[in-house]
Structures are given as C-alpha cells and as structure tokens.
Amino acid sequence: MLDYPVGVAIKEIINENSNVKTFVLDAQLDAKPGQFIMVWIPRIDEKPFSLSKISGDIAITVQKKGKATEKMHEMRAGEVLGIRGPYGNGFDAGKARSACIVAGGIGAAPLVPLAEALQNPEFILGARTKNDLLFEERLKKCSELYITTDDGSAGEKGFNTQVLERLLGEGEKFDAVFCCGPEPMMRRVFEICESHKIPLQASLERFMKCGGLGICGQCSVNGIRVCADGPVFGNEMLKKMLEFGNSARLKTGRKVPLKEYAEWRQK
Amino acid sequence: MLEVDLCNLRLKNPTILASGILGVSRELLQRVSDSGAGAATIKSITLNPREGHHNPTIIGFEAGIMNAVGYSNAGIEEAKKEFADLSGIKIPIIASIVAEKPEEFALLAGEIDSLHQFSAIELPLSCPHTPGFGLLAGQGTPEATSAITNAVREKTRLPIFVKLSPNVPGIGELAKSAEKAGASAITAVNTLGPGMLIDINSRKPVLDFKCGGISGPALRPVAVRCVYDVYESVKIPIIGVGGILTGRDAIEMILAGATAIGIGSGIYYRGMNIFAQVCREMEMWMKKNKVKSLEEIRGQAHA
Ligand SMILES: Cc1cc2nc3c(=O)[nH]c(=O)nc-3n(C[C@H](O)[C@H](O)[C@H](O)COP(=O)(O)O)c2cc1C
Ligand code: FES
C-alpha cells in the first residue's frame, strides 16, 4: 500500500470565483464520486479534499480559508502538490433513477462528478451570493438546475432546503437524495428526508490526521470515523451520529459546539 | 481457550488495543470492545491540552506506518469527562499517561486512580518524536524509568505497565529497573526509529516533524526480539506490541514470552475486525497443534 504523499504537478488552475480555484492535477485515479484525497502542501500542511473531477486528470476545488489554502491559491501551474488516496466510501449512485442533489457552497465540489454520473438529476445549488455559485456551466449540462442565494443576487432568494421542501410538497418523488455543504444545512436535509422517508446520502467533513487510514480517531463522530467509515453516510448511520449537526473535535481532540469548530476551521 | 490473566485482570483473549490508535473517545473504545478485543488502551493523555505536530502526522509506506502525532490530546480535565463512565464497556480499559517530570506523572496517576474507571495505568517512557516526552526527554534510561515508576507507584495501587522503546541499547536492563521500581508488567514496544521519508518530487521530508516512529510489519521482528530479551530479564508479565497482523504473529509473540499482545497499526491493514480475526486464527492454530491454553506455550522459544 502506498499511503504517503507522492508529488504531482499542477496541470491547470481554473478560477471558479474570487475565492475558489480548481486545481487540475497531473494524475489519474480509479475513484468514485464522493471519495477524497489527502493533499500535502510541502512544509505547510496536509488536508483532505474531495475530487471535483474524476475522469481523465483528477481535480480538487479549493476555497481560500486559512494558511494552507492561501498558499495553494498562490501556487501556479507546474508547481508540485503531494497526494495520497483516494479514500472513503464515496456516494452510491447505484439504483437512483430520480435523484435530487442538494449542494451548499463549496460542498458542491464532490456533487458535480456525482451529477455527471447520474441520469439528469435535479440539482439544487445554494450559495451566499451570486459570486459564490460554483460549477454553474458544468451543472447545466448534466442536471435540472435550481439556484438559490442567501441575498437573492442570483436564482431564488433563500435556502436550498426550501426548494427541496417545495419540490417534495409539489409531489415530486425522489428515490435518492444526496447532499454536501454546511452541516446545519445537511442536518435540515436529513430531517426533511426522514419525514418523507427518502434515502439520503450526506457527505460529512471533520478535521483529519491519518486521513483515510482509519487509525487515529481524530475524525470520529460518535465513534464513527468520517475518513474510513464515511465520509458518506445514510439515514441509519446519521441517526446514530448525535454529534452530526451539533459538535466536532478540534486539533487537540476536544469536542466543541459546531459553531466553534467552524470558526476554528476558517483560520 | 484464549483467556489470559494479566496482573489479575481477566482477559477473554490476549488482544489489546495499543495506545494512540482510535482510543480517543469512550465510543471508539466501545466499538473496539464490540470488535472482539480483550482489553483496550486509551490514547496517551497529558496534563494540559496539546495540539501535537502539524500534518502530515501519519502516513503508510511499503513496510508499515510512520507517525509523528506529537501527543495531541485534550488534557486530563477533558479526559476526566470523556472517560467519566466506562461501566458499559465490558473489557478492561487501560489508561495511558505521559508527562515531562516524575511529579507530573504522579499527579496524572492520582487523577486516573480516583476516577475508578480504569483497570491499569500504562506509562510510555518511549516516544521517539515528541520533544519534552519519552526518549527526547531522556525517559528511556534505567534511572528515569525507576524515578517515574516509583513516583506513580506511590499514587496508585492499580497495575502499572511500563512501555519501553526498542531504540535502546539494553531493553532487558530497562525492564529490570521498571520491575524493581514497582511495575506490574512491561509493554514492549513503542515505535521504532525515528525514521524519515523524503518525497523526491518536492524534495522535502514528508512528515512535518520530518521524522517519526515506525510501526507495523517493519517493526515486528524487532518487537519479537525485544519481548524475547525482556522475558529473559524479568518475572513480571509482558504485553508484546509491534506489527502484529495475524494469529500467527500473536502466537510468535507468546512463544517469545508475551502474556498478552497489543494491536495498533493492524487496524490499518485489516480494519477493526482484526481482533476477532486474530483470535480465530490463534484458535485454529491451537486446535491443529493440540495446544489447550496459551500458558502452555508462553516463552517456549526460550527452551
Ligand atoms: C498513529 C500512532 C499513534 C500512536 N500514539 C501512541 C501514544 O499516544 N502512546 C503510546 O504509548 N504509543 C503510541 N503509539 C505506539 C503504539 O501504541 C504501538 O506501540 C506501536 O505502534 C507498535 O504497534 P503496532 O505495530 O501494532 O502499531 C502510536 C502509534 C501510532 C501508529
Ligand atoms: S483521520 Fe484518523 S481515523 Fe479518521
């Protein structure tokens, strides 16, 4: 097993918006939508990123927040990042015939390759403002796209979860819902899916150390490892994960309210 | 068939979760117990919270795992909350404490003892990659080993497991000084090295701390030799740790003299089910070889 970072060159950098860049890497992997790689920025840090492109050269999409991602945003094509993986279970697109995908902010990254693998799913893309919307062009080609922004600068004003509720209220029958985004949003999607008895697959995020090796316990949510048992969880697992939407662990391992964790992750 | 008595702790089988692997929460200990382990050790805790080294901290390579986690943990106060009630877990849970000075070890031992949740206390005096602790603080000498073990012995009647490093000139002598100072068992061993891996494309060491301790298969023959040496030097039981992945590896450790065996990196290779798998493989070997208890074969490699 090769589970140490191997240096690969950045092939191309795409500016998604003022705060988000996609890095196409000189690497191909046999991976599934929803799986992640550990990315090493030599001398700075190592962090998990889900794959935002899988066929051909792989890509990751990176929002600038904190030291490591700031450094990545300064990098140019030709420079080297270390990668290991892919890790995690990924989404199970298997039997879905009429799927709905709910994405919030940078959470859209792992959901784009999923949308491309499904047959014309409904895709609800939520962001804070028009400038924060991601992958609009790619998504228009493969899905029935709904857009929401918090301030109404594009699409509908409000939350992506409101669109999900409305579609269900109008009698749409989804046989699968997939989501990734801020955890309070995912918690809400979970509640909606539970009350409509729809199978959900949600992709969770936690601070990681061994990232995918499943041995350190840092990423655990009620004893369940996000890096090795997830990062994608279904309804039954989510029901057991009482910390989902409520708390997460800092680098010391201390469990804190989700809000405090999110603030720390911005640094 | 697999039951063992370790310092009066009755283990249903000899497999023990090694410290630093998964043992950061009550719920993970519960899961390890559900997976069939005979006992479990928590990740080492310190007096104050620690963030540890920067990532990359843990990587896998061709022959094992290399880590420089650097004792990240939430500190004793949080640990007291996290492990306040372990009564639902049906296997013995071993505390692991690390500190910079004997008095600090004693203080932590007192706190652990008064929680009444743990069955034993392990003292790793052997980490090769954390400034202030273990080998980098000179805790791997006979003098320091006695001083720390003595200080802890005064604070608790719980069994004390002293965890030794393979990176010392005479592990037998070290084990003797621990035994004399009141250790109840020896855990052998902690990680090997430290080692280093360099990425040839970025031309930089991969671990942020540059070097780290080696565990998994690369460590196993070294660990077996250490257990063999310790068995020749002391009367107290030994917990053999290092690269155990299969029932065969566990039997090998017992032949070298171990009473129980620790499993850490093995979880990376075989998942959490490794405890049940190792037990099944040991039983199969025992049946085939008409061995009725582990007592029968303990230390047989010395005959
Ligand atoms: C990621 C990792 C973290 C560890 N942390 C600790 C620790 O906190 N305390 C300790 O005594 N040993 C620690 N160890 C050492 C293990 O307990 C064990 O002695 C060593 O890994 C050899 O066993 P193995 O080959 O089965 O992993 C750690 C090992 C690894 C791989
Ligand atoms: S990050 Fe180590 S178990 Fe998940």
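Below: a short report on this structure. The shown structure was predicted, so the numbers you read here are calculated from the model rather than taken from an experiment.

Reading the values: the criteria
Residues numbered from 1 in each chain as written. Chains lettered and ligands numbered in written order. Predicted model: local features only at pLDDT ≥ 70, side-chain atom pairs only at ≥ 80, totals over all residues. Heavy atoms only, no water. Helix = DSSP H or I, 4+ residues; strand = E, 2+ residues; numbered from the N terminus. Rg over C-alpha atoms; globule rule 2.2 N^0.38 Å. Buried < 20%, exposed > 50% of the residue type's maximum accessible area, 1.4 Å probe, protein only. Areas by Shrake-Rupley, 256 points an atom, 1.4 Å probe, with all protein chains shown as cover. Contact = heavy atoms within 4.5 Å. Salt bridge = Lys/Arg side-chain N within 4 Å of Asp/Glu carboxyl O. Polar contact = N/O pair within 3.5 Å; in protein donor to acceptor, adjacent residues only side chain to side chain. Nonpolar A, V, L, I, M, F, W, Y, C, P; charged D, E, K, R; others polar. Near = heavy atom within 4 Å. Pairing = 2+ DSSP bridges. Axes fitted to C-alpha atoms, helices over the stretch in contact; angles between N-to-C directions. Right-handed = clockwise from strand over helix to strand, strands pointing away.

On to the overall build of chain A, then. When its secondary structure is counted, chain A shows seven helices and 17 strands. In summary, chain A has a C-alpha radius of gyration of 17 Å against a globular reference of 18 Å for 267 residues, a match within 12%. With the C-alpha coordinates aligned to their principal axes, the bounding extent of chain A is approximately 50 × 40 × 35 Å. Expressed as a percentage of its 267 residues, the buried residues of chain A come to 59%. Surface accessibility of chain A: about 10,900 Å² in total, with carbon and sulfur atoms responsible for 49%.

What follows deals with the interface of chain A and chain B. With 36 residues of chain A at the contact, the number on the chain B side is 41 residues. Summed over the shared surface of chain A and chain B, the result is two salt bridges. The closest approach of N and O atoms between Glu82 of chain B and Arg249 of chain A, which form a salt bridge, is 3.8 Å. Our count for the chain A to chain B interface comes out at 15 residue pairs in polar contact (both at pLDDT 80 or more). Mapped onto the side of chain A that touches chain B, the elements with two or more residues apiece are β1 (6-17), β4 (45-53), β6 (80-87) and β14 (224-225) of chain A. In terms of residue class, the side of chain A that touches chain B is made up of 16 nonpolar, eight polar and 12 charged.

A word on the site of ligand 1. All names here are of chain B. In the vicinity of ligand 1 there are 23 residues, among which Ser19, Ser44, Lys163, Gly243 and Ser265 approach most closely. In this structure, a nitrogen atom belonging to ligand 1 sits 2.7 Å away from a side-chain N or O atom of Ser44. Protein chains bury 97% of the 600 Å² of accessible surface belonging to ligand 1 in isolation. Of the residues in the shell around ligand 1, the class split is nine nonpolar, 12 polar and two charged.

What follows is about the sheet that holds strand β8 (residues 122-127) of chain A. Residue and element names in this part refer to chain A. The seven strands lie next to each other as β10-β9-β8-β7-β11-β12-β15, forming an open sheet whose pairing is mixed. One side of each edge strand has no neighbouring strand; the edge strands of this open sheet are β10 (156-157) and β15 (232-234). The pairing of strand β7 (residues 99-104) with β8 spans five bridges and is parallel. Bridged to Cys100 within β8 is Glu122.

The next point concerns the sheet that holds strand β16 (residues 260-263) of chain B. All names here are of chain B. On the basis of which strands lie adjacent, the closed barrel formed by eight strands has the order β3-β4-β7-β8-β9-β10-β15-β16 and parallel pairing. Strand-to-strand twist of the sheet, defined as the mean angle between neighbouring strand axes without regard to direction, takes the value 25°. Examined bridge by bridge, strand β3 (residues 15-17) and strand β4 (residues 39-41) share two bridges and lie parallel to one another. Each residue of the ladder has a partner; that of Leu17, found in β4, is Ala40. Where helix α9 (residues 274-288) meets the sheet, it contacts β3 and β16, and its direction lies at approximately 165° from that of β3.

Residue and element names in this part refer to chain A. As judged from the six bridges shared by β8 and strand β9 (residues 144-149), these two strands associate in the parallel manner. Residue pairing across strands places Glu122 opposite Glu144, the latter belonging to β9. For the segment spanning β8, helix α3 (residues 136-142) and β9, crossover handedness is right-handed. Where β9 meets β10, two bridges bridge the pair, whose relative direction is parallel. Paired with Thr148 across the bridge in β10 is Glu156.

None of the figures reported here should be taken as evidence of function without further support.
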